[in-house]
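Below are the chains, spelled out letter by letter.
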Amino acid sequence: MAGATLESIAWTGDALRVVDQRRVPDETVVLELRTIEGVVQAIGALAVRGANVLGTAGAFGFVLGVRGGLTPDDAAARLIAARPTAVNLRVAVELVHAALVGGEDPLEVALGLLAADRAACLAIGEHGRRELAGASRLLTHCNTGVLATTGRGTALGIVYAKAEAGERVEVLATETRPLRQGARLTVWELQQAGVPVTLLVDAAAAAALTTGRVDAVVVGADRIAANGDTANKIGTLALAIAASHAGVPFYVAATWNAIDPGAPDGAAIPIEERGAEEVLGGGPGAPAADTTVWNPAFDVTPAALIPGIVTERGVLHPPFGAAIAELGR
Ligand code: MRU
């Protein structure tokens, strides 16, 4: 199956095994996390990243935490605080917490989440493939594929579904500064899968869109507010504005658990700000180490710029409030 060549996350019975995404593509290093502290640290350092994998890692982190003697409340609070924007993390941790409190086995629930995420990615791929029939040159941002989910991805899941169906598909992948998830992870996994991919620096995306090089933009989501406003990797908003200007359809693809009914609109979504060192880097050509930096990890794209959100339940179209209520039943 296209795009399913790597297991980003697995449970061994007493440890969580994850691919260290900081090291890809140079090497495939697998971390065995045996404590909740290890899971929290890996999440904070982006060894484990991507909304869907954050959710499943959080669920297993909770299991490790209570096995290690933490109270359920403490274990849940530590994990939820590890990264604030992707609501999948909170949803998954609250699910295993509720299971434990309700007398169920949280490990069974965590294992169920792995399987459900895999199935949801396949369904997103199919819905997206039908919605984007005729669009073969897809521009994407950050990384939403086999590393970021337990299946074959959300936005990239659509790419893999197209490839598997024998349809023509090629990807323009943005570099995704400052941590270069596009350049390091998306390019790598598409090359592994044999899908044609062209890398562009983030600043080239608007030019690609306005010069007829892109049929559709497809990105993932870290949190979708009740009105459809969508938080995703920093730079997504600029892509949506440029796509709207160029008349290119801009789609979000996400599993249903990225929708946060508690956030009425994008203003209610907490945006993580990360350290200056990610932007400043180091070594030759780096700016002065004491340079003032603003480094938000995500931005919010208003629903008005989004014609469709592809989920495992189907494709949501505006007005999103009504569409979410309809498919959420
Ligand atoms: O900071 P990251 O790398 O975790 O950000 C990831 C993204 O923004 C993805 O687009 C999103 O989490 C969806 S992954 C299925």
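Up top you'll find the structure we're talking about.
The following refers to the structure shown.

What counts, and where the lines are drawn
- Residues numbered from 1 in each chain as written.
- Predicted model: local features only at pLDDT ≥ 70, side-chain atom pairs only at ≥ 80, totals over all residues.
- Helix = DSSP H or I, 4+ residues; strand = E, 2+ residues; numbered from the N terminus.
- Rg over C-alpha atoms; globule rule 2.2 N^0.38 Å.
- Buried ≥ 20, exposed ≤ 12 C-beta atoms within 10 Å, placed from the backbone.
- Core = buried A, V, L, I, M, F, W, Y, C linked by C-beta atoms within 7 Å.
- Contact = placed C-beta atoms within 7 Å.
- Pairing = 2+ DSSP bridges.
- Right-handed = clockwise from strand over helix to strand, strands pointing away.

As a further point, take the overall build of the chain. In terms of regular secondary structure, the chain is built from eleven helices and 14 strands. The C-alpha atoms of the chain give a radius of gyration of 19 Å, which matches the 20 Å a tight globule of 329 residues would have. Taken along its principal axes, the extent of the C-alpha atoms in the chain is 60 × 55 × 40 Å. Expressed as a percentage of its 329 residues, the buried residues of the chain come to 51%.

What follows concerns the nonpolar core. Counting residues in each nonpolar core, the largest one holds 104 residues, and the members touching the most others are Val 18, Ala 57, Ala 59, Val 96 and Val 217. Ranked by residues supplied to this core, first place goes to helix α2 (residues 51-67) with nine residues. Apart from residues lying up to four places away in sequence, Ala 57 is in contact with Ile 9, Leu 16, Val 18, Val 39, Ile 43 and Val 48.

This paragraph deals with the pairing of strand β6 (residues 197-200). Direction of pairing for strand β5 (residues 170-174) relative to β6: parallel, over a ladder of four bridges. Opposite Val 171, over in β6, you have Val 197 as the bridge partner. Crossover β5 to β6 through helix α7 (residues 181-193) is right-handed.

Cis geometry is adopted by the peptide bond preceding Pro 25, which originates at Val 24 and carries an omega value of 10°. With respect to the secondary-structure elements, Pro 25 resides in the loop between β2 (16-19) and β3 (30-33). A cis amide bond links Arg 177 to the next residue, Pro 178, at an omega of 5°. Positionally, Pro 178 belongs in the loop between β5 and α7. The phi torsion at Leu 46 lies on the positive side, around 65°, for a residue other than glycine. Of note in the backbone geometry, Cys 142 takes a positive phi value of approximately 60° without being a glycine. Considering the arrangement of structural elements, one finds Cys 142 in the loop between β4 (137-140) and α6 (155-164). With 27 C-beta atoms counted inside 10 Å, the residue Cys 142 sits in the buried group.

Taken by themselves, the reported measurements are silent on function.
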